Amino acid sequence: AVVSTQSTGEEIFEMVKDDIVQPRYVRSKPSNSHKATPTSLSPRMRLLLVLHWLHDYPKYKLLKQIYHISKAQISREIHHILPILYHRLDFIHWPTKWEKHPFEGVSGIIDCTSHFRNRVHPRQADFYRGDKRRHFITAQNVVDFNGVFLNCVFGNGHNNDMNMFKYTHMDEFLAERDIKLLADQGYRHHRIVRPDYDCSQSWNAKQADLRSLGEVSQGMVKMWNFAADRVRENPEIQDLGLNVCYQLTNYVLQKYPIR
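Residues numbered from 1 in each chain as written. Predicted model: local features only at pLDDT ≥ 70, side-chain atom pairs only at ≥ 80, totals over all residues. Heavy atoms only, no water.

Caption draft 1: Representation of the environment of D18. Relative to the helices and strands, D18 resides in helix α1 (residues 6-20). Sequence separation of D18 and K97 is 79 residues, and the distance between their C-alpha atoms is 34 Å. (Helix = DSSP H or I, 4+ residues; strand = E, 2+ residues; numbered from the N terminus.)

Printed below as a string of structure tokens:
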């Protein structure tokens, strides 16, 4: 598991416990009033339930058998705790000082990855890309040479790598800081160092070796099945869940860098 130790789990709990123990307010039908809904689980178990859901992405039926609560309560806990994790976990930041690698003076790796989902109605075309023949949310990630995420931006799946590059104004960002990034052939910009088959085999091997750090880090995010499987929930919940998966992964990567 990405959150692999009891101490790490306790650290995450300490960050969010004050919000988790607050009553969950739900709208009473048919009135417009709100009331607090009790729960039989302790705050730790409620957090564990949500992390379990993100990590294994099981059906509610299985969670009901494990935690001995109703599927309605499982849904309420997820909708209550997921936004708390989204707002409280803040482990992905741009560096205050950019370091340049000896290889071509690059400062990191940029890459996009896909997080698949069910078809949505309406606006299904926003999440569909013909070359993949799938619906998904795309994530543009910038990673340093320790494998740590420096930035993560989500977009609708119809965007390819260069569309995400333009959408996030990365060209302006790189120019303002005078930095270059490694990338694959999906990118084309003078501040992007791509594979170049006019260069030597050893040059391209070095470029691929450094760039693989980004792929490994993205692979670690997909150890959370919510980030790897086809998501059933609406795009808003998928966006929240993916953010939490990336933040928790980066929390571990900052403590235990890949290199």
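Caption draft 2: The arrangement of the nonpolar core in detail. Counting residues in hydrophobic clusters, the biggest one holds 48 residues, and the most contacted among them are L47, W53, L82 and L85. Elements supplying a minimum of two residues to this core: α1, α2 (43-56), α3 (60-67), α4 (71-88), β5 (134-143), β6 (149-156), α8 (225-228) and α9 (235-255). Non-local contacts of L85, meaning those with residues more than four positions away in its chain, are made with I12, V16, L47, V50, L51 and V244. The next biggest cluster of nonpolar side chains, apart from the first, holds 16 residues, and it includes V142, L174, I179 and L181. (Core = buried A, V, L, I, M, F, W, Y, C linked by side-chain atoms within 4.5 Å. Buried < 20%, exposed > 50% of the residue type's maximum accessible area, 1.4 Å probe, protein only. Contact = heavy atoms within 4.5 Å.)

Caption draft 3: Representation of the packing of aromatic side chains in the model. Counted according to the given criterion, the structure contains twelve aromatic pairs. For the pair W94 and W98, a centre-to-centre distance of 5.7 Å together with 45° between the ring planes defines the contact as tilted. Exposure remark for W94: the relative accessible area of 29% places this residue in the partly exposed category. An angle of 75° between the planes, with centres 6.2 Å apart, marks the rings of W98 and F173 as edge-to-face. With W98 in the loop between α4 and β3 (109-116) and F173 in helix α6 (residues 170-177), this pair connects stretches of sequence that are 75 residues apart. Members of the aromatic cluster, connected to one another through ring pairs, are W53, Y57 and F226. Over the aromatic face of F116 sits the side chain of R134, whose NZ or CZ is 3.9 Å from the ring centroid. Looking at R232, its charged tip hangs above the ring of Y57, at a distance of 4.1 Å from the centre. (Phe/Tyr/Trp six-rings, centres within 6.5 Å; stacked < 30°, edge-to-face > 60°. Lys NZ or Arg CZ within 6 Å of the ring centre and 35° of its normal.)

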